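Okay, here's what each chain looks like letter by letter:
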Amino acid sequence: MADPVAPGTRIGHVHLKVADLDRAIAFYSGVLGFELQQKYGTQAAFLSAGGYHHHIGLNTWESLGGTPPPPGHTGLFHTAILYPTRRDLADALRRLIAAGVPLDGASDHGVSEALYLRDPDGNGVELYRDRPEAEWPRLPDGSLAMVTERLDLKSLLAEA
């Protein structure tokens, strides 16, 4: 790689086109617990964790009443939301179960544990926590050896 990006670079927020703003707010705030920071008229809202200006933007500017893109089209595969601890991820799972939100999957990737689901607009959502880097599986040459194995949801819920 000729000129890599600065190591501290992070993706700061995601902005999603949604069909129904109030329904999307109810999911991201009411189910996942993100706090509404600002509603921009009736067409946009900004939500965050911990009082940040926004981690999630929602708008209906081009999508009011719209439908998800059909399979076979390009677009966002999923938004990944990183939780700081396993206990926090367990609480997210507890919230999903309480709200009756089904999972598309749950995986242990060796480097992380992840829950996969869809928001009310059909957007893919990954809720995950990273393991400490010292615990990441590695090959003898030191390169990553990520896996996709079944995540033990019962064990995860015991952390909540």
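Residues numbered from 1 in each chain as written. Predicted model: local features only at pLDDT ≥ 70, side-chain atom pairs only at ≥ 80, totals over all residues. Heavy atoms only, no water.

A.B. asks: Lay out the sheet that holds strand S4 (residues 56-59) in plain terms, naming residues and giving numbers.
C.D. replies: Taking strand neighbours across the sheet as the criterion, the four strands line up as S1-S4-S3-S2 in an open arrangement whose pairing is mixed. Edge positions in the open sheet fall to strand S1 (14-17) and strand S2 (35-40), since each of these has one partner strand only. Neighbouring strand axes in the sheet, compared pairwise and without regard to direction, differ in orientation by 20° on average. Sheet topology note: the S1/S4 ladder contains four bridges and is parallel. Bridged to valine 14 within S4 is isoleucine 56. (Pairing = 2+ DSSP bridges. Helix = DSSP H or I, 4+ residues; strand = E, 2+ residues; numbered from the N terminus. Axes fitted to C-alpha atoms, helices over the stretch in contact; angles between N-to-C directions.)

A.B. asks: Hey, could you go over the pairing of S4 for me, with residue numbers and the actual values?
C.D. replies: Of the two faces of S4, the one carrying Ile56 and Leu58 and the one carrying Gly57 and Asn59 are both buried. Sheet topology note: the strand S3 (residues 44-48)/S4 ladder contains four bridges and is antiparallel. Considered in S4, the bridge of phenylalanine 46 is made with glycine 57. (Buried < 20%, exposed > 50% of the residue type's maximum accessible area, 1.4 Å probe, protein only.)

A.B. asks: A description of the side chain of aspartate 108 should follow, citing residues and the corresponding values.
C.D. replies: Of note, aspartate 108 is situated in strand S6 (residues 103-108). A polar contact is formed between the side chain of aspartate 108 and the backbone nitrogen of glycine 110, at a distance of 2.8 Å. Within the structure, aspartate 108 has its side chain in polar contact with the side chain of arginine 131 (distance 2.8 Å). Residues within four places of aspartate 108 in sequence aside, it is in contact with Arg131, Val147, Thr148, Glu149, Arg150 and Leu151. (Polar contact = N/O pair within 3.5 Å; in protein donor to acceptor, adjacent residues only side chain to side chain. Contact = heavy atoms within 4.5 Å.)

A.B. asks: So what about the sheet that holds strand S5 (residues 79-82)? Which residues, and what values?
C.D. replies: Strands sit in the order S5-S8-S7-S6-S9 across an open sheet of five strands; the sheet is mixed. Only two strands of the sheet have a single neighbouring strand rather than two, namely S5 and strand S9 (149-150). When S5 meets strand S8 (residues 124-130), the two strands line up parallel, connected through four bridges. Paired with isoleucine 81 across the bridge in S8 is leucine 127.

A.B. asks: Let's hear about the pattern of salt bridges: which residues, and what values?
C.D. replies: Evaluated as defined, the whole model comprises 12 salt bridges. Between arginine 94 and aspartate 91 there is a salt bridge whose closest N-O contact spans 2.6 Å. Taken together, the residues arginine 94 and aspartate 91, both in helix H2 (residues 86-99) and three residues apart, mark about one turn of the helix. Exposure remark for arginine 94: the relative accessible area of 39% places this residue in the partly exposed category. When the shortest N-O distance is used, the salt bridge between arginine 129 and glutamate 113 registers 2.9 Å. Placement of arginine 129 in strand S8 and of glutamate 113 in strand S7 (residues 112-118) is noted, with a sequence separation of 16 residues between them. Pair check on accessibility: arginine 129 and glutamate 113 agree, each one buried. Here the salt bridges share partners, and the residues they tie into one network are Arg86, Asp108, Glu113, Arg129, Arg131 and Glu159. (Salt bridge = Lys/Arg side-chain N within 4 Å of Asp/Glu carboxyl O.)

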